[in-house]
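# Report on the structure
For reference, the chains in residue letters:
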Amino acid sequence: MMMTEQEEKEHQKEEYLCTTIKVARDEDLGEQIGRDIYFDLVDHEKVRSFCIQKQTPFNVFKEEVSKVLGIPVQFQRFWLWAKRQNHTYRPDRPLTKLEEKKSVGTLVWNAELKLFLEVELGLHLRPIVPPDKTGIDILLFFKHYDPEKEELHYVGRLFVKHTGRPIEILSRLNEMAGYDPDEEIDLYEEIKFEPTVMCVPIDKIYTFGTSELGDGDIICFQKSLPVESAEQFRYPDVPSFLESVHNRSVVHFRSLEKPKEDDFCVEMSMLDTYDNVVEKVAQQLGLDDPSKIRLTAHNCYSQLPKPRPIKYRGVNSLSDMLVHFDKSSDILYYEVLDIPLPELQYFKTPKVASHHAIKDEERLKKEHEGKELKKKKAEAQLCTIIKVARDEDLGEQIGRDIYFDLVDFDKVQNFRFEKQTPFNVFEEEVAKVFRIPVQFQRFWLLAKRENNTYRPKLPLTHLDETRPLGTLVEVSHKAQNVELKLFLEVERGLDLQPIAPPGKAKKDILLFFKHYNPEKKELRYVGRLFVKRTGKPTEILSRLNEMAGYSPDEEIDLFEEIQFEPTVMCESIDKKITFGASQLGDGDIICFQKSLPVESTEKFLYPDVPSFLEYLHNRQVVHFRSLKNPKEGDFCLEMSKIDTYDNVLKKVAQLLGLNDPSKIRLTAHNCYSQQPKPQPIQHRGVGCLSDMLVHYNKHLAIYFAVLFKYINISMLNKPDMYCSLFLSGKSPRAEVPARCGLDKS
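Reference entry: report on the structure contained in this document. (Residues numbered from 1 in each chain as written. Predicted model: local features only at pLDDT ≥ 70, side-chain atom pairs only at ≥ 80, totals over all residues. Heavy atoms only, no water.)

The next point concerns the nonpolar core. The biggest cluster of nonpolar side chains holds 30 residues, and the ones touching the most others in it are L394, F512, F612 and L613. Of all the secondary-structure elements, those providing two or more residues to this core are β23 (442-448), β28 (508-517), β29 (522-532), β32 (589-594) and α16 (609-618). It is α16 that contributes the most residues to this core, five residues altogether. Discounting residues that sit within four places of it in the chain, L394 has contacts with L406, V407, F487, F512 and Y525. Formed by 27 residues, the second largest nonpolar core is a distinct cluster that contains Y38, V42, Y145 and Y188. (Core = buried A, V, L, I, M, F, W, Y, C linked by side-chain atoms within 4.5 Å. Buried < 20%, exposed > 50% of the residue type's maximum accessible area, 1.4 Å probe, protein only. Helix = DSSP H or I, 4+ residues; strand = E, 2+ residues; numbered from the N terminus. Contact = heavy atoms within 4.5 Å.)

Turning our eyes to something else, we now look at the pattern of salt bridges. In this structure the tally under the stated criterion is 42 salt bridges. Salt-bridge contacts for D40 lead to R90; the nearest nitrogen and oxygen are separated by 2.7 Å. Taken together, the positions of D40 in the loop between α2 (26-32) and β2 (48-53) and R90 in strand β4 (residues 89-94) put the pair 50 residues apart, joining distant regions of the chain. Each member of the pair, D40 together with R90, is buried. Salt-bridge contacts for K411 lead to D401; the nearest nitrogen and oxygen are separated by 3.8 Å. Highlighted residues: K411 in the loop between α12 (391-397) and β22 (413-418) and D401 in the loop between α12 and β22, separated in sequence by 10 residues. (Salt bridge = Lys/Arg side-chain N within 4 Å of Asp/Glu carboxyl O.)

Attention now goes to the sheet that holds strand β25 (residues 483-489). Strands sit in the order β22-β21-β25-β23-β24 across an open sheet of five strands; the sheet is mixed. With partners counted over all chains shown, the strands left at the sheet margins are β22 and β24 (454-459), one partner each. Strand after strand, the sheet turns through a mean of 40° between neighbouring axes, direction not considered. The sheet contacts of helix α13 (residues 423-434) involve β21 (383-389), β22, β23 and β25, and relative to β22 the element is tilted by about 145°. (Pairing = 2+ DSSP bridges. Axes fitted to C-alpha atoms, helices over the stretch in contact; angles between N-to-C directions.)

Here we take up unusual backbone geometry. The amide bond that connects E194 to the next residue, P195, takes the cis arrangement and shows omega of 0°. Note that P195 resides in the loop between β10 (185-192) and β11 (198-201). A cis amide bond, omega 0°, links E565 with the succeeding residue P566. Mapped onto the elements, P566 comes out in the loop between β30 (556-563) and β31 (569-572).

Attention now goes to the environment of C591. As for its position among the elements, C591 is in strand β32. Residue C591 is classed as buried on the basis of its relative accessible area, which comes to 0%. Remark: the alpha-carbon pair of C591 and L558, spanning 33 residues in sequence, is separated by 5.9 Å. Dropping the residues within four chain positions of it, C591 is found in contact with K514, D557, L558, F559, E561 and V609.

Once that is clear, we can look at the sheet that holds strand β8 (residues 137-146). One open sheet holds the five strands; their spatial order is β9-β8-β12-β10-β11, and the pairing between them is mixed. Looking along the sheet, the strands with just one partner apiece sit at the ends: β9 (151-161) and β11. Neighbour-to-neighbour, the strand axes of the sheet open up by a mean angle of 30°, direction not taken into account. With respect to the sheet, helix α5 (residues 170-177) is in contact with β8, β9, β10 and β12 (218-223), its orientation differing from that of β9 by roughly 150°.

Right, let's get into the pairing of β4. Across five bridges, strand β3 (residues 77-83) lies against β4 in antiparallel orientation. By the bridge assignment for β4, W81 is matched with P91. Connecting β3 to the next strand, β4, in antiparallel fashion are five residues, including H87 with a positive phi near 70°.

Applying the stated criterion to the full structure yields 29 aromatic pairs. Between F116 and F141, the ring centres sit 5.5 Å apart and the planes meet at 80°, which makes this aromatic pair edge-to-face. Pair noted here: F116 is in strand β5 (residues 112-118) and F141 is in strand β8, with a separation of 25 residues, a long-range link. For the pair shown, F116 and F141 are each scored as buried. (Phe/Tyr/Trp six-rings, centres within 6.5 Å; stacked < 30°, edge-to-face > 60°.)

Structurally, the position occupied by Q441 is in the loop between α13 and β23. With near-sequence residues (within four places) excluded, Q441 lies in contact with E427, V430, A431, I436, L488, E489 and P501. A polar contact of 3.2 Å, which involves the side chain of Q441, links it to the backbone oxygen of E427. (Polar contact = N/O pair within 3.5 Å; in protein donor to acceptor, adjacent residues only side chain to side chain.)

Bringing α13 into the picture now. The end-to-end C-alpha distance of α13, which contains 12 residues, comes to 16 Å, matching closely the 16 Å that a straight helix rising 1.5 Å per residue would cover. Looking at α13, one finds that the buried residues are F423, F426, E427, V430, A431 and F434. Projected onto a plane normal to the axis of α13, the buried residues spread over an arc of 150° and lie on a single side. (Expected span 1.5 Å × (residues − 1). Arc of directions from axis to C-beta.)

Before going further, it helps to spend a moment on the environment of F635. Mapping F635 onto the fold places it in strand β34 (residues 633-640). In sequence terms F635 and L655 are 20 residues apart; their C-alpha atoms lie 9.0 Å from each other.

Dropping the structure here:
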């Protein structure tokens, strides 16, 4: 039913005023894990939702939760969820008392707020006051796996100490799973599931801190299996089971005689071999001989079977059958032959028709690519892409996807308009998409600075907003004038409704703020402020403390984030001199943190913002591959590009379980031959890791050998193991197991 104009206005007004709060509980995790989901903790689309006005105090929302869920307010503790770099979603931290006094809208970056409700139960299973959480307490979630039933389910959560060890909670985990208290169990950390599964064993002797476990991490456990009994199960351990779930695929099979109609569907693994696939199809069709099945792949362009069938054992796995050029399909065609396919292939003479069919397929692909290319060129000439960043984007990305600068424009809302479109027409489209009325919008042009950072430079004037979009693209100096990057400033009043942006004088400066927590090694965006060029940082300290959730008189240190390439530049800001004297201007970034006493800085790995940013800039994930199997990854390790020769050897030796790093011999990689260099690296023959990884300005691999004895002339030709190290640009947290010594912050 269509809404009237008045009803639509009322609906929009309600959206401005309200936010959706999704509350996940232990009950949701128990119902979903092992049924609806296997990875991560919960599907937020299936939990209890509340529609609350943004200006409502959070404490009032807690009373509503008490009425609906029957949990008294004093027994509720809420946790904010965070999206990690590896795209998992985990509870990150509990709300502070100060945050609970604020309005709901101050906690919301997007249109909705996701929370985890922690409720502790006493001996009689009645709610009790949640225990105080100190800096060394970690909230972990636990899943139990049964290899016999091939079942994974949620069994609960526990607080552990950062300095504690898994062996101290084994009896508690056995109780959760219904085992005897002294049952031997194996523990694994579920790290990520996209694009590949990473689930690594946890050493029960090491502390949780050493294993780099933190709030929201997931531990899966199961009974320890003797080696001889592991063969009884299809998926004997948690990693193999999660791998099977990740690779599951429902394939639609069609008879080659009726290529438009699905005949049946079969659940398979993308890793299934050719033999596995035809066996399952034969079983479905009631055939005794799978070799009489002939399969044909699907052409994603013509939406028909490919002209040539798949040869007998002509592909390695199901995934190879389903990929057509750069596209993936879930359709396969089958035939039932009178004789086994290997015999048919042996006697069959190739036909010229198949050659023509291949040409037809290539022609269709080229025509498709040609049309797409022409379309893109025509659009580039007539249209422009406008990328709009908002505070919400900065809040979601900083500390998760990025650390330096403000936003990754490849991950913000895009608009496509013809270049002659007036800017105010674009503003009306923004109003529809973001629900921000035109009169409350102010756009800033972004500029690339000399130090290669990208910052908001100046707001668009009323005159700019009457011009065609194409003229603004030219102003932005974007190559080929096809893209315009903007920051949308939206100011909000006390009731959190959008208001008209204040007038900006020349002496006003727009600054952006990030907060750093050295205890958690976390950097996050907390907001922006207009300050006067003649003002001093001391005048906004209480406001910054409020942004960070600190008490108003908390002592804090301020740093300006200046650049990050080719080196990090982050300098301390004198709070007593003016912003102008500190040469701060529109778009500049200030990072701040609690002031630390000199004696307490040694407690933290990265005690201040500059040391943390330096660490981020230099961290490098290195992938190890066996030289015997150079195409397969074995393990990976996080290092710093400024690690010395000795540090590199120690980390490799530690990962391999060697007590003597001097038995490691390193060899650099030749980027032209794609082979190891003929001469190994001499003992302490390079200054640092970066020297090992560069060959004629190209980044490359390192090879190492583990020798039987100390390195000497007589033993150089008796290697015990060879592996190669490859650089990766992927997120360290998303790729490296805890056992590799990775900082997961």
